[in-house]
Structures are given as structure tokens and as C-alpha cells.
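Each chain, written out:
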Amino acid sequence: MRPTALPPVLLACLIACCAVAPSAASGGPRDLLAGNDKALWLIRAEEDHFGVAGLPTGGTWQWFTRQRPGAPTAVAAVGPQLHMLFPDGAFWAVGLDRNVVPLATPNHALWPDDPKRVILIEAHNVARAEKRASTLALVPRDAAEAATRPAAATRPTTASAPATHAATSPAESRFTLGLFQLTSDGWVHLGDVPQTLTGNHLQAVRATEAGGLLYVYLPGRQALMTHEPGSDTWSRVESSGALADLLLDGKLLALLRIKSQLVAVVADADARTLHVGTYLPPQSSQATGSWRVAPLRRDDEPFYPPSGTAPQVARMGDDLIAFVWHEQDGVRLATCDLSGRLTQRDDIGILSTAPPDTSGARIFEYFLWAVLVAILIPMFLLRPKGPRGFFTLPRRRPGHLAKRLLAGLIDLLPWQVLGFAVFRPPMPTEPWGNTEELMKTLQRIMATPEAAYFSIAWLVMYVGYCTTMEMRLGQTVGKRLMHLAVVNDRGGRPNLREAMLRNLLKIVELSVPFALPLLLLVPVLTRWRQRLGDMLARTAVIDADYLGPAEDEDQTDGSEQGGTNGKGGFDTTAGDDPQSGLYGPHGRTDDTRDD
């Protein structure tokens, strides 16, 4: 769900509170990388949260979301989204529009309860995907369990390198790879890879889709398997030559699809050079494919990250390969094409700033839904019986809007200060700069849980205070100082239902951006200067000092109506009787008072 935008009223409240909250310490980060022709995604896992940064094609780096503690175990760029699978089985997607949405949880009967490793793949034209992008998952399944199911058909290949069987102990677990696909009906099991692996080889499995075929590299056997879409047929890809020699001693870092071609990125055994291999399919059914291998070079020199650790590799755009690695002073990004020419490395500077915490926006959104439910209860369940005519208040004059605004500020500010003292939302520590930068900073702060709890606290206290005071006295402190009062359509103090309705609507009017213009314009356009809450509750804010002449009696005969407290204030003893709550001889009876 899209996070709630920062309302102008809450923004002004946050600016008015000037304090700085200390930032929480975090441990060393861990990164995951995924990419396609839409965007390059970098997932940074901290000690108490993880953030998703993205580089849209033709754009710049930006944070997209900050989420709960932990981090995904598998990620894949699928169309304009980043798909993320978590250890507890939750499956989420983050879009370029910043929407974070849940996807179908892998609950297939053949999906293991505790998979050792999962590989997510963006696929086109595979099985049920047709021509749209879909998500495939390779999941290790116990080989003994998989053997009870019919084996997939395997086609022999020619000129293939002999299989290398790793020596394993009898007690070591053996796995086969189950192939699953996310469809509109949930996860579907497409079959199993017809080879078994030991547990210590699972982390080195690599897979991708290219040209409508699924390619899976099985370490320990130096076997590259391909799967024909829509069938159970698996075959082995010829892998002799330079690439096969590199794989014997080196390490396959990634299998990618670049321009519908299969591309492999391999690190040599000495960790001194990276190699880019492009698979050239056979031209006929009788021929075999081949690999074109090029060393990765920068300034005509072999390249390997200075840190000595293998970089993370992902597709970037239509024809580039992205490399991300850590150095002592930051995180670096470089790209290359299929010829192995490396671009100048760049710093991923966005990682020096913390990702935005959007959990507070979700908390506040849930609060608003609860408020809407609370509004519906008195609207429909406690609705008075009998017909109600047009709202009118004879002998009354609506309160001046400027006075009402000032009274609202008098009532509201103390609760904001109290809420801020309790929850202390973080405030900008850097120079505020221009207005645009300030707005972005405050939008980011407003999405934190501390800011959400602060907003919820003062709104609840403010509404509770107004409801109680108006129900018991007909006035709040601010209204009394401004000589205003709240009355219902019978001229008396509002009852519980009426006070709740008119004040609960204040939360919506102050919190939802599109409701704020209604808060300002509706009182100007209505006869009795009513807010939306007043119209629902059939109440109005009136001038407490004014009492107009009765239609059928002398103007000066106001002593019979009663209702003032002798001090020009609202009669706190008045009830809901049609004649109660009216102002007596101390109220003004002329219409000369300025509005």
C-alpha cells in the first residue's frame, strides 16, 4: 500500500517542534544486487532494518523503501519491480512507483519448509509466462523425496565435458532442484532438475533465462543444464573450451541474459581477473554451441576489485553488466559490455545516507482507518430516529472564522507540545537549505514510527479534550476565550454522539491532504459556517455574545429565555431542551457587532 503523504498541517506541526532525536547505531551492512532493463536494485541489510535503493534506467540512485528487521534471502528484478523472498516465506515486491505490495506466499505442497537456498529468476516465454515477465524459483528439495515422483526426461548431448562427481560422505544430505513459477493462481511446480547436488554446492548454483530457455549451472559437476519451456525435457549444454577450463578452478559469479543471449561472469582461481563469456547457440541440430570469452579489462589492464573479494554481478539496462564491490571508503559501481571493456568506477553515494523509514506511514495509515470506522459507528448505529429538517438556529449568529481559527490554535498547541515531549520525533540535523530539500527531509522524518506515534498521540488527546469539553460545557478553553460556543440544531450543548462526530472528523481533516481544502473552504461556503464534522453532527459554532430577537416577542424580553451564566459565557447548565442553551439579557440583541 502506498504510504500516506505528509499533510500540510502535520508538516507545520513538525516544523514547529525543534529538537533532534539520536540515531540508532547499526552493524555492518550486507548487500544484495539485482537488475534488468528497467532498473538496478541494491538491497542493503543493516542490523535493525534493510533498505532498497534503486537506479532506474536513465535515472539516478534513490531510496525506495525501508522495511522491517532482517533481510530477504533471495531477490530478482522482474519487470518494473523488485521481488524479495524472506526466510519466513513472506514474498514482497517493491515497484518503481514506491509501492510495496505482498505477493503470493510459496505454500505449494512440494515447497520445502526450510529451504537451504532459493534462487529467483526473471523469465520470459517460459512455461505459463507467455510474453510477460514472471518469477521462477529454484528451490533445493530432498533428493529422496523427489525420487518418489516421476523423473523428468533427459536428452543426451554431444561433445559435452564428462561429469565430475564430488566426493561426499554417506551422511551428507543430497538435494535436487525443484522449479516453481509464480502465476496468477499462485505458485506452480514445473518439475525438478534431473541431477542431485550436495549441500555444500547449493550456494554456488547459478541460473537465468535467455531466449525462452532456462539455464542452470550445477557446481561440482561443471554441468550447465537447459530446460525447454512447456515440457519436462532437460539437456546438457556443451561447455568445453576456455570457459570450461575457467570453471574447473575458478568461480562462476553470475549467469545473465543480455540481449536474449546467455552470458556468464567467471572469476579465475587466482582472483586476479574477471571474464565475460557469451554463449553462441548452435546453428543446426547437428552442431554444438560455443563460448566467446573476454577478460574484463580497464585501461587495457586485467581488472579485479582491489578488495580481493568477488563483486556482486547483475544485468543493467539492455546491454550492460553491473559490478558492485566494497572498498574501505565506500561501495563502488562499474559496468562493462560483452567485450569486457570496463567503465570508470563510480561511488554509490546514496549509501552514505540512511534509507527512509516508511513504517511510520503505515502505522498512521492504520490509525486513519480506525478513525473512519469510529466515525461510522455514531453515524449509523447511534443515528437518532425520526425525520430531521434543514439545519437552522434562529436568533443565532455563526462565530467569526478568524476567532475560530485562533481558538483552535489555543486548544491544539498544548497537546502538540505534550505529544512531542513524550515521543520526541527526530528532526533535521543538516542545514535545511531550500524549501524543496526541507520538504523531502520532513517527508522522510514523518514516515518514521516516532513521528507517527507523536501525531497519533496529540490528535487523540486533542479530540478527546474537545469532545469532553463541548459535551459537558459547550465550549473549550479556546472557544471560551474567543466568546464562541458549540450548539446542536436544538440550540443546546451537543450530546456525546454529536460531539464525537464533529471532533473525529477533525483527525481526517488535519491528516489527509485532500481533506484540508475542505476544512478551509466548506465553512466559508455554508450558511452557518459549518465544517464537514458540523454538518454530519448537525452542530454549529456560534457567537456566544449574540442573541437575536424572537420572531413573536419583544426583542428586550430575553430574560424569559435564560441560558447565560451572567458573564457573557455559555450556560453550562443548559441541556438538550429546545429552549435550553439560549442566551438571556446579557447576550447582545443588536446586530451591530463586527463579524
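Higher on the page you've got the structure.
Note that the structure is predicted; figures quoted are calculated from it, not measured.

(A) Seen up close, the pattern of salt bridges. Considering all chains together, one arrives at 17 salt bridges under this definition. Note that Asp 192 and Arg 141 form a salt bridge whose closest N and O atoms lie 2.6 Å from each other. Of the two residues, Asp 192 is situated in strand 13 (residues 186-192) and Arg 141 in strand 10 (residues 134-142); the sequence distance between them amounts to 51 residues. Between Arg 257 and Glu 209 there is a salt bridge, with the nearest N and O atoms lying 3.2 Å from each other. With a gap of 48 residues between them, Arg 257 in strand 19 (residues 251-258) and Glu 209 in strand 15 (residues 206-210) connect regions that are remote in the sequence. The residues Arg 257 and Glu 209 share a single accessibility class, namely buried. Among the charged side chains, a salt-bridge network with shared partners connects Arg 404, Glu 470, Lys 479, Arg 502, Glu 509, Arg 531 and Asp 534.

(B) Examining the sheet that holds strand 27 (residues 330-336) more closely. If you trace the four strands from one edge of the open sheet to the other, you get 25-26-27-28, paired in antiparallel fashion. The outermost strands of the open sheet, each flanked by one partner alone, are strand 25 (312-316) and strand 28 (346-347).

(C) Representation of the environment of Ser 307. The topology assignment puts Ser 307 in the loop between strand 24 (301-302) and strand 25. In the structure, Ser 307 is positioned 21 residues away from Gln 328 in sequence and 8.0 Å away in space, judged by C-alpha atoms. Every residue in contact with Ser 307, bar those within four places of it in the chain, is listed here: Trp 325 and His 326.

(D) Here's a closer look at the packing of aromatic side chains. Summed over the entire model, instances satisfying the criterion amount to 12 aromatic pairs. Ring geometry for Phe 50 against Phe 86: centres 5.6 Å apart, planes inclined by 50 degrees, an arrangement best described as tilted. In this pair, Phe 50 sits in strand 3 (residues 50-56) while Phe 86 sits in the loop between strand 6 (81-85) and strand 7 (91-95), placing the two residues 36 residues apart along the sequence. A relative accessible area of 0% places Phe 50 in the buried class. On the accessibility criterion, Phe 86 (6% relative accessible area) is buried. Counting every residue linked through ring pairs, the aromatic cluster contains Phe 91, Trp 111, Phe 180 and Trp 187. In this arrangement the basic side chain of Arg 98 is found over the ring face of Phe 64, its NZ or CZ atom lying 5.0 Å from the centre. The side chain of Arg 397 reaches across the aromatic face of Tyr 546, ending 4.4 Å from its centre.

Basis of the calculations
Residues numbered from 1 in each chain as written. Predicted model: local features only at pLDDT ≥ 70, side-chain atom pairs only at ≥ 80, totals over all residues. Heavy atoms only, no water. Salt bridge = Lys/Arg side-chain N within 4 Å of Asp/Glu carboxyl O. Helix = DSSP H or I, 4+ residues; strand = E, 2+ residues; numbered from the N terminus. Buried < 20%, exposed > 50% of the residue type's maximum accessible area, 1.4 Å probe, protein only. Pairing = 2+ DSSP bridges. Contact = heavy atoms within 4.5 Å. Phe/Tyr/Trp six-rings, centres within 6.5 Å; stacked < 30°, edge-to-face > 60°. Lys NZ or Arg CZ within 6 Å of the ring centre and 35° of its normal.

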